[in-house]
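Residue strings, one per chain:
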Amino acid sequence: MNSMLILMVILLMNLLKIYFQHCAHKLTNYTSLRAKKVPWFPRFKRDLDIVANEVLDSGELEADHPGFHDKEYRLRRDKLAQVAKDYRFGDKIPAIHYEQNEIDTWNTVLDKILPLHHKYAAAEHVRLLPLFEQNCGLRKDNIPQLQDISDYLQESTGFSLRPVAGLLSTRNFLYGLAFRTFFSTQYLRHHSRPLYTPEPDLIHEICHSVLFADQAFADFSHQIGLAAIGATDEQIEQLGRCYWFTVEFGLCKQGNDVKAFGAGILSSFGELEYSMGLNPNEKPKLLRFDPFVASKQTYPITTYQPLYFVSDSFETAKEQMIEFAGTLKKPFNVRYLPYTNSIDVDSNIELEKHVFIKPQESPYAKESNKM
Ligand SMILES: [Fe+2]
């Protein structure tokens, strides 16, 4: 009887021990694994469907836009915007049948800027131009289709294009780069002023697209996008400036020369010559690219840039971005999984609710006009 009692006491004690261990384990887990809230971000490439239509300008033209009073042009813009709005992840980008006045505009611009690209653009860009001709139909008499460019980029560097109806916030735009995706418009500037556009049009986007076929440039751009994942608003602003001073308005050192690679320069013949110091009355200031400096540098959006950053090489710029991203305080590390086109994080985080900030309320609306 006594031994029975002793056995029951031992059993009871063991049960209590297991219970207390379980409670302690739960408490420890709760403390160490409590999720930290971070700004919403897409986890999968298909999640870009959520942000791609969060357009800031709703396709509305400003009163001083060359096409403002042209009803036909505005209908054309609406039609092309709808193509982008209807696009979903996995679709083929619909081919656009460009009209003669659009081809004429394209022709006029290319006639002017292509010779300048051969003189002043980065060697990587110049090397890729004939490949775009062969693989994407880049010719003066033909406007390339986004799907053809996207297919070529996909097989070159794993980048792809996605149609977009207008301007996105800096955050959403950079989220695309994290998935090696570049948001691209499909419309052309108004034919009455072929050498001027107040907003990024297809010609500007194609100037961007060429370098996404260069591995080092594509990887550099990808690093800016990855750094934006779950970043605070302040960090997004810093990364937006790094993007601005490279992908949009970057120069690079090549031998003893300085060449242009930013699409904002390459799509503007006036700024291309000015950035090369060819304007005798006004020369820009040049600084060696350093993301720690560029991320703090403000810039104008309606004039030529008074200051350009000169990258040593795309490879070096990539390493610099990785170093800079490592200093951004975040409660997790991030990596891109190419086989699943997804973002992987190494900590327990909780995403804040995704909310589309209306244009007039968006802190990025003004900045995004520069993209
Ligand atoms: Fe741009």
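Treat the numbers as computed from the prediction; the structure is a model and nothing was measured.

The rules we used
Residues numbered from 1 in each chain as written. Predicted model: local features only at pLDDT ≥ 70, side-chain atom pairs only at ≥ 80, totals over all residues. Helix = DSSP H or I, 4+ residues; strand = E, 2+ residues; numbered from the N terminus. Buried ≥ 20, exposed ≤ 12 C-beta atoms within 10 Å, placed from the backbone. Contact = placed C-beta atoms within 7 Å. Pairing = 2+ DSSP bridges. Axes fitted to C-alpha atoms, helices over the stretch in contact; angles between N-to-C directions. Expected span 1.5 Å × (residues − 1). Bend = angle between axes of the 7 residues up to and from the residue. Core = buried A, V, L, I, M, F, W, Y, C linked by C-beta atoms within 7 Å. pLDDT = per-residue confidence, 0-100. Right-handed = clockwise from strand over helix to strand, strands pointing away.

### A short note on the overall build of the chain
Here comes step 1: Counting secondary structure elements, the chain contains 15 helices and 10 strands.
Here comes step 2: Within the chain, the proportion of its 371 residues that are buried is 41%.
Here comes step 3: A fraction of 68% describes how many contacts in the chain between residues 6 or more apart in sequence connect residues 24 or more apart.

### Let's talk about unusual backbone geometry
Here comes step 1: Located in the positive-phi region is arginine 180, a residue other than glycine, with phi close to 50°.
Here comes step 2: Within the secondary structure layout, arginine 180 lies in the loop between helix H7 (170-178) and strand S3 (181-184).

### Some remarks on the sheet that holds strand S5 (residues 257-260)
Here comes step 1: With respect to topology, four strands assemble into an open sheet ordered S5-S4-S7-S6, the strand pairing being mixed. The sheet terminates laterally at S5 and strand S6 (285-288), the two strands that pair on one side only. Strand-to-strand twist in this sheet, taken as the mean axis angle between neighbours without regard to direction, amounts to 40°.
Here comes step 2: As paired strands, strand S4 (residues 251-254) and strand S7 (residues 307-311) are joined by two bridges and run parallel to one another. What sits directly across from cysteine 252, in S7, is serine 311.

### Re the pairing of S5
Here comes step 1: Of the strand pairs in this sheet, S4 and S5 are connected by four bridges, and their pairing is antiparallel. Looking at the pairing, lysine 253 lines up with valine 258 of S5.
Here comes step 2: Linking S4 back to S5 in an antiparallel pair, the connection comprises two residues, with glycine 255 at a positive phi of about 65°.

### Observations regarding helix H4 (residues 100-120)
Here comes step 1: Taking 1.5 Å of rise per residue, the 21 residues of H4 would be expected to cover 30 Å, and the 30 Å separating its terminal C-alpha atoms lies within 8% of that figure.
Here comes step 2: At leucine 110, H4 shows its largest bend, some 30°.
Here comes step 3: Turning to H4, its buried residues number three or more, namely Thr105, Trp106, Val109, Ile113, His117 and Tyr120.
Here comes step 4: As for H4, its buried residues are in contact with helix H5 (123-136), helix H8 (202-211), S5, helix H11 (263-266) and helix H12 (269-275).

### Considerations on the nonpolar core
Soluble, globular proteins show a tendency: their nonpolar side chains are buried together.
Here comes step 1: Counting residues in hydrophobic clusters, the biggest one holds 86 residues, and the most contacted among them are Leu174, Ala178, Ile224, Ala228, Leu239 and Ala260.
Here comes step 2: Setting aside chain neighbours within four positions, we find alanine 260 in contact with Tyr120, Ala121, Ala122, Leu251, Ile265, Leu266, Leu272 and Ser275.

### Focus on the confidence of the model for the chain
Here comes step 1: On average, residues of the chain score 89 in pLDDT, and 89% of them are at 70 or above.
Here comes step 2: This model gives residues 23-32 a pLDDT under 50, and the stretch forms zero contacts once residues within four places in sequence are excluded.

### Re the pairing of strand S2 (residues 160-163)
Here comes step 1: In S2, alternate side chains face the same way, and those of Ser160 and Arg162 on one face and Leu161 and Pro163 on the other are all buried.
Here comes step 2: Of the pairings in the sheet, the one linking S2 to S3 comprises four bridges and is parallel in character. What sits directly across from serine 160, in S3, is threonine 181.
Here comes step 3: Each parallel crossover has a hand, and for S2 linked through H7 to S3 it is right-handed.

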